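# Notes for the structure review
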Amino acid sequence: MIWQRLAPSILRLFSLLGGIALGVWLPMPSTVVVGRGDTWATIGARCGLSAQEVRRANPGARLREGEAVRLPIPRWRCYIRRWGVERAFAQILATPTPGRKIAIVQTPAPSGPVERRDLALQAFERINAERQKQGLPPLAWDEGLYQAALARALDMWERKYFSHNDPETGVSLIPCPCGEVLTTGPAGKWDPVEAWRKSAPHWSTLMGGYHAGAVAVIWVPPRSWSLKGVNNPWPQVLAVGLVRR
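Residues numbered from 1 in each chain as written. Predicted model: local features only at pLDDT ≥ 70, side-chain atom pairs only at ≥ 80, totals over all residues. Heavy atoms only, no water.

### Concerning the nonpolar core
Counting residues in each nonpolar core, the largest one holds 35 residues, and the members touching the most others are Ile-127, Trp-196, Leu-206, Val-215 and Ile-218. Breaking this core down by element, the ones donating at least two residues are helix H6 (117–133), helix H7 (143–159), strand E5 (179–186), helix H8 (192–197), helix H9 (200–206), strand E6 (212–220) and strand E9 (236–244). Ignoring sequence-local partners within four residues, the contact set of Val-215 consists of Ala-120, Ala-123, Phe-124, Ile-127, Trp-141, Tyr-146, Trp-196, Val-240 and Gly-241. Counting residues in hydrophobic clusters, the runner-up holds 13 residues, among them Val-34, Trp-40, Leu-49 and Ile-73. (Core = buried A, V, L, I, M, F, W, Y, C linked by side-chain atoms within 4.5 Å. Buried < 20%, exposed > 50% of the residue type's maximum accessible area, 1.4 Å probe, protein only. Helix = DSSP H or I, 4+ residues; strand = E, 2+ residues; numbered from the N terminus. Contact = heavy atoms within 4.5 Å.)

Here's what the structure looks like:
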């Protein structure tokens, strides 16, 4: 019968169209809808991304419930990461096999400060989470304030001081009409956000009526920075936060 003769051709046509549709759909960027209680971290975890990667891809997003958030990887890669395939391959490649030697590369420790934007973004997200708990609008990330905060941290390291004011003239070094918070402590043990939370003046600044801000963090090698005349024998983190209206 005619249908029996046409059936294979029809099936091949549908298969071809389906393959084309799938080939177009899979490379498109993934998007997710923000649910109640979602954070940058929980959204990124859906596709094996960090909170920073998702936040950078959505500079204007406020994580309101029902808001669409773009994930900066294609759909096919999102599914692969979600199923743990990439992690499994990484573990296989990292596992020594008989007759195979893995070279160990010794990387010299840096002699100067190291910018830690990853820690800065983590601190900024936590500050915004606390603001939202108090019914305050989240701060918008301001790249200009970030560069100013980073410059403040580097200046303190280079000139060996820790203050809002110039150690020579006593003049305020806050780089704009805004609020500034500082903190420092041993790397790996010091939490800038917790340090600010324990100080009422610092915390009131971060929870104040501001609309934009940024946090900068640098890692300081041992004995490279003198705080109050004492050379610190351990690596330190130095954090600067700036907020403005």
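### Observations regarding the state of the cysteines
Under the defined criterion, the tally for this structure stands at 1 disulfide. Shown here is the disulfide that connects Cys-176 with Cys-178, its sulfur atoms set 2.0 Å apart. Between Cys-176 and Cys-178, the S-S torsion sits near 75 degrees, and that sign places the bridge as right-handed. On the basis of relative accessibility, which here comes to 14%, the residue Cys-178 falls in the buried class. (Disulfide = S-S within 2.5 Å.)

### Let's talk about the pattern of salt bridges
For side chains bearing opposite charge, pairing can occur when the charged atoms are close. Taken as a whole and judged by the stated rule, the model has 11 salt bridges. Residue Arg-197 pairs with Glu-130 through a salt bridge whose shortest N-O separation is 3.4 Å. A residue pair is termed long-range when its members are at least 10 positions apart, and Arg-197 in helix H8 and Glu-130 in helix H6 qualify at 67 residues. You can call Arg-197 partly exposed: its relative accessible area is 31%. The salt bridge partner of Glu-180 is Arg-152, with a shortest N-O separation of 2.8 Å. Of this pair, Glu-180 sits in strand E5 while Arg-152 sits in helix H7; the two residues are 28 residues apart in sequence, bridging distant segments of the chain. (Salt bridge = Lys/Arg side-chain N within 4 Å of Asp/Glu carboxyl O.)

### Looking at H7
Between the first and last C-alpha of H7 there are 24 Å, a value that for 17 residues agrees with the 24 Å anticipated at 1.5 Å per step. Taken residue by residue, H7 has Leu-145, Tyr-146, Ala-149, Leu-150, Arg-152, Ala-153, Met-156 and Trp-157 as its buried positions. Down the axis of H7, the sector holding all buried residues measures 155 degrees, keeping them to one side. Capping of H7 at its N-terminal end is provided by Asp-142; its side-chain oxygen lies 2.9 Å from the backbone amide nitrogen of Gly-144. Residue Lys-160 follows H7 closely and has a positive phi angle near 60 degrees. (Expected span 1.5 Å × (residues − 1). Arc of directions from axis to C-beta. Polar contact = N/O pair within 3.5 Å; in protein donor to acceptor, adjacent residues only side chain to side chain.)

### Some thoughts on empty space enclosed by the protein
The full count for this structure, using the stated rule, is 1 cavity of 30 Å³ or more. Considering only enclosed or pocket space, the largest cavity measures out at about 30 Å³ in volume. Those elements that provide at least two residues to the lining of the largest cavity are H6, E6 and E9. Among the residues forming the lining of the largest cavity, the class breakdown is 8 nonpolar, 2 polar and no charged. (1 Å grid on protein atoms, 1.4 Å probe; cavity = no way out; pocket = protein on both sides within 12 Å on 5 of 7 lines; lining within 4 Å. Points joined across faces, edges and corners; volume = space filled by probe spheres on them. Nonpolar A, V, L, I, M, F, W, Y, C, P; charged D, E, K, R; others polar.)

### Some points on the confidence of the model for the chain
The predicted model of the chain has a mean per-residue pLDDT of 78, with 71% of residues at 70 or higher. Across residues 21–26, confidence stays below pLDDT 50; counting only partners more than four residues off in sequence or on other chains, it has 6 contacts. Residue range residues 85–90 is modelled with pLDDT below 50. Its contacts to residues more than four positions away, or to other chains, number 4 contacts. (pLDDT = per-residue confidence, 0-100.)

### Digging into the layout of surface pockets
The volume enclosed by the largest pocket comes to roughly 550 Å³. Contributing elements (two or more residues each) for the lining of the largest pocket: helix H2 (40–45), helix H3 (51–57), H6 and strand E4 (140–141). Ranked by residues supplied to the lining of the largest pocket, first place goes to H6 with 7 residues. The class makeup of the residues in the lining of the largest pocket is 13 nonpolar, 7 polar and 9 charged. Taken as a whole, the second largest pocket encloses approximately 210 Å³ of empty space. Considering the residues around the second largest pocket, the lining is formed by 14 residues, among which Leu-119, Gln-122, Trp-190, Asp-191 and Pro-192 are closest to the centre. Mapped by element, the contributors of at least two residues to the lining of the second largest pocket are H6 and H8. No other element matches H6, which puts 4 residues into the lining of the second largest pocket.

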